[in-house]
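So you can see what is in the structure, the chains are spelled out below.
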Amino acid sequence: MTTNRMLVLAERPTAEVTDACFELRTEPVPDTAPAGQLVVRTCWLGFEPAMRGWLNDLPSYTPPVAIGEVMRAWGVGQVVSSSHPEFDEGSLVHARLGWQEYAVVDPAADEVLAVPADLTSPMLMLSACGLTGLTAYFGMTRIGRPIEGDTVLVTAAAGATGSVAGQIARALGARRVIGTAGTPEKRAWVRDVAGFDDCLDHYDDGIRRALRRAAPDGIDVVFDNVGGSLLDAALFNVANGGRIVLCGSISTGYRPERPEVGLHYYQLLTSRSARMEGFIVSKFADEYTDARRQLQQWVTDGQLRVEHDVLHDLAAAPAGLRRLFEGGNQGKQLLQLAEPH
Ligand SMILES: NC(=O)c1ccc[n+]([C@@H]2O[C@H](COP(=O)([O-])OP(=O)(O)OC[C@H]3O[C@@H](n4cnc5c(N)ncnc54)[C@H](OP(=O)(O)O)[C@@H]3O)[C@@H](O)[C@H]2O)c1
């Protein structure tokens, strides 16, 4: 008999996520998948800042994770038992697996997708071709819409979404792509590997002026992952007709007790005929297949460089989520639980 280890939500965090918020439980893994379902062995789990929001007992675009429920997460795993005609045993799938070593999933309900055989690494299904890559793709192509000659700013540029967003802006013809990131190593990676023209330190108190020096004619497209004072500094530098993509606001910690941060320079949206627009990627769910194909092509062509930051062991899952808010990750934060064979 194989045993499944899982992390269930034991108590809601009041500030940052702690290990004590989750409880380790075990249960037997079924030998055979129930009718129409799959038993999947988790190989990699992905982490997104939104997961912190799902732990708050507040209404949002998706229901909160319930106390006693396995922590919700997307992952890639290998089918060990299939009672569904479209998925063979041994095949790799992307699905809502949760923080557990084995998951019983229903292709009709758990967003199960076959991992394309020609993907150079299955991890790409969680990064460039996963939720964060899709977010970068739709945020940039549908809302930011850089055109040739534009100057583009991407905040949290060494992260999973930001690094892809900046490289897409370049592929669309942006003349100058600037990022922000928290450490010298990250800024070097953003410039030297992801090919941004410049990358600034968001901890610099003079970031507003540093942005002005980096983009003296103003910023045409801001792809913002951070919010707060960094968004304000970007707003101050927005060009006439600029577009500000509100992708996320990680500086809030997605914690309900944090005081709200006001924007001082919002009135420049009026005088510069600029606009801000937010989005949730699932708005574009009908177009995921084509977008994944394009993202995969860019990776294959070498136009899109992706970094994976991989932890190991289920017990490290809460730390994986914390790392996003502490700036511990470079590129897509993953947790590997098993090697596919
Ligand atoms: N709209 C949507 O549908 C959607 C979907 C997915 C993700 N998102 C959003 O996209 C953003 C990026 O998500 P991701 O999964 O790609 O994470 P990520 O960028 O890989 O990781 C988060 C990064 O944010 C930076 N950060 C954390 N706290 C910060 C702070 N107080 N000030 C400035 N930077 C801070 C850290 O980098 P540094 O070391 O550089 O500080 C950290 O590495 C998040 O805001 C997320 O909520 C939105």
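Preceding block: the structure.
Treat the numbers as computed from the prediction; the structure is a model and nothing was measured.

Chemist: How would you sum up the overall build of the protein chain? Please name residues and give values.
Modeler: Each helix and strand counted, the protein chain has 9 helices and 15 strands in total. Against the compact-globule benchmark of 20 Å for 341 residues, the protein chain has a radius of gyration of 20 Å, which places it among compact chains. The principal-axis extent of the C-alpha atoms belonging to the protein chain is close to 65 × 45 × 35 Å. Expressed as a percentage of the 341 residues in the protein chain, the buried residues total 53%. Within the protein chain, residue pairs in contact and separated by at least 24 positions form 66% of the contacts whose partners lie at least 6 positions apart.

Chemist: Please set out the state of the cysteines residue by residue, giving values where relevant.
Modeler: By definition, a disulfide links the sulfur atoms of two cysteine residues through a covalent bond. Enumeration over the complete set of coordinates arrives at 0 disulfides. Just so you know, Cys 129 is unpaired, no disulfide at all, and the nearest cysteine sulfur is the one on Cys 247, 17 Å from it.

Chemist: Can you lay out the site of the ligand for me, pointing to particular residues and giving the numbers?
Modeler: Among the 27 residues in the neighbourhood of the ligand, the closest are listed as Thr 161, Lys 186, His 202, Tyr 254 and Asn 329. Between an oxygen atom of the ligand and a side-chain N or O atom of Tyr 254, the distance comes to 2.7 Å. Elements that contribute at least two residues to the shell around the ligand include exactly α2 (131–144), α3 (160–171) and α9 (317–326). Residues belonging to the shell around the ligand are distributed by class as follows: 13 nonpolar, 13 polar and 1 charged.

Chemist: Account for the packing of α2 against α3, naming residues and giving values.
Modeler: Running from N to C, α2 and α3 point in directions that differ by 40°, and their axes come no closer than 8 Å. The angle between the axes of α2 and α3 places the two elements in the oblique class. Two packed elements cross with a definite hand, and for α2 against α3 that hand is right-handed. The residues of α3 that touch α2, namely those facing Thr 132, Gly 133, Thr 135, Ala 136, Tyr 137, Met 140 and Thr 141, are Ala 160, Thr 161, Val 164, Ala 165, Ile 168 and Ala 169. Here the contact of α2 with α3 is composed, by residue class, of 8 nonpolar, 5 polar and no charged.

Chemist: Which residues make up the sheet that holds strand β13 (residues 275–278), and what values go with them?
Modeler: In spatial order, the strands read β10-β9-β8-β11-β12-β13; together these 6 strands make up an open sheet with parallel pairing. Here the strands that pair on one side only, and so sit at the sheet edges, are β10 (198–201) and β13. Ignoring which end each strand starts from, the neighbouring axes of this sheet average 20° apart. Sitting on the sheet, helix α4 (residues 184–192) touches β9 (176–181) and β10, and the angle it makes with β10 is about 165°. Packing of helix α6 (residues 228–236) onto the sheet brings it into contact with β8 (151–154), β9, β11 (219–224), β12 (238–246) and β13, and relative to β12 it is tilted by some 155°.

Chemist: Tell me what's going on with the pattern of salt bridges, and back it up with residues and numbers.
Modeler: Here the structure, examined in full by the defined rule, presents 16 salt bridges. The partner of Arg 25 in a salt bridge is Glu 23, and the shortest N-O contact between them spans 3.2 Å. Given a relative accessible area of 36%, Arg 25 falls into the partly exposed group. Arg 170 is paired through a salt bridge with Asp 197; the nearest N and O atoms lie 2.8 Å apart. Placement of the pair is Arg 170 in helix α3 and Asp 197 in the loop between α4 and β10, with a sequence separation of 27 residues. The network of salt bridges with common partners includes Arg 96, Asp 110 and Glu 111.

Chemist: With reference to specific residues and values, describe unusual backbone geometry.
Modeler: In this structure, Arg 145 takes a positive phi of about 40° despite not being glycine. By secondary structure assignment, the location of Arg 145 is in the loop between α2 and β8.

Chemist: Just give me the short version of the packing of helix α5 (residues 207–214) against α6, but keep the residues and values in it.
Modeler: Two quantities define a packed helix pair, namely the angle between the axes and the distance from one axis to the other. The geometry of α5 relative to α6 is characterised by a closest axis approach of 9 Å and an angle of 40° between their N-to-C directions. The pairing of α5 with α6 is recorded here as oblique in orientation. Regarding α5 and α6, the two cross each other, and that crossing is right-handed. On the side of α5, the interface is formed by Ile 207, Arg 208, Leu 211 and Arg 212, while α6 contributes Leu 230, Ala 233, Ala 234 and Phe 236.

Chemist: Which residues make up α3, and what values do they have?
Modeler: The end-to-end C-alpha distance of α3, which contains 12 residues, comes to 17 Å, matching closely the 16 Å that a straight helix rising 1.5 Å per residue would cover. Burial of α3 is extensive: 10 of the 12 residues sit out of reach of the surface. Burial in α3 covers these residues: Ala 160, Thr 161, Gly 162, Ser 163, Val 164, Ala 165, Gly 166, Gln 167, Ile 168 and Ala 169. Trailing α3 by a residue or two, Gly 173 shows a phi angle of about 110°, which is positive.

Chemist: Before we move on, could you go through the packing of aromatic side chains and cite the residues and values that matter?
Modeler: Scanning all chains against the criterion turns up 10 aromatic pairs. Between Phe 22 and Trp 99 the ring centres are 4.8 Å apart and the planes differ by 50°, which places this aromatic pair in the tilted class. Here Phe 22 is found in strand β2 (residues 22–28), whereas its partner Trp 99 is found in the loop between β5 (92–96) and β6 (102–105), with 77 residues between them in sequence. Classification of Trp 99 as buried rests on a relative accessible area of 0%. Linked through ring pairs, Tyr 137, Phe 138, Phe 279, Phe 284, Tyr 288 and Trp 298 together constitute an aromatic cluster. Cation over ring: Arg 72 sits above Trp 54, and NZ or CZ is 5.1 Å from the ring centre. The ring of Phe 236 carries Arg 208 above its face, with NZ or CZ at 4.5 Å from the centroid.

The rules behind the values
Residues numbered from 1 in each chain as written. Predicted model: local features only at pLDDT ≥ 70, side-chain atom pairs only at ≥ 80, totals over all residues. Heavy atoms only, no water. Helix = DSSP H or I, 4+ residues; strand = E, 2+ residues; numbered from the N terminus. Rg over C-alpha atoms; globule rule 2.2 N^0.38 Å. Buried < 20%, exposed > 50% of the residue type's maximum accessible area, 1.4 Å probe, protein only. Contact = heavy atoms within 4.5 Å. Disulfide = S-S within 2.5 Å. Near = heavy atom within 4 Å. Polar contact = N/O pair within 3.5 Å; in protein donor to acceptor, adjacent residues only side chain to side chain. Nonpolar A, V, L, I, M, F, W, Y, C, P; charged D, E, K, R; others polar. Axes fitted to C-alpha atoms, helices over the stretch in contact; angles between N-to-C directions. Parallel < 35°, antiparallel > 145°, perpendicular 65-115°, else oblique. Left-handed = near helix turned anticlockwise from the far one by under 90°. Pairing = 2+ DSSP bridges. Salt bridge = Lys/Arg side-chain N within 4 Å of Asp/Glu carboxyl O. Expected span 1.5 Å × (residues − 1). Phe/Tyr/Trp six-rings, centres within 6.5 Å; stacked < 30°, edge-to-face > 60°. Lys NZ or Arg CZ within 6 Å of the ring centre and 35° of its normal.

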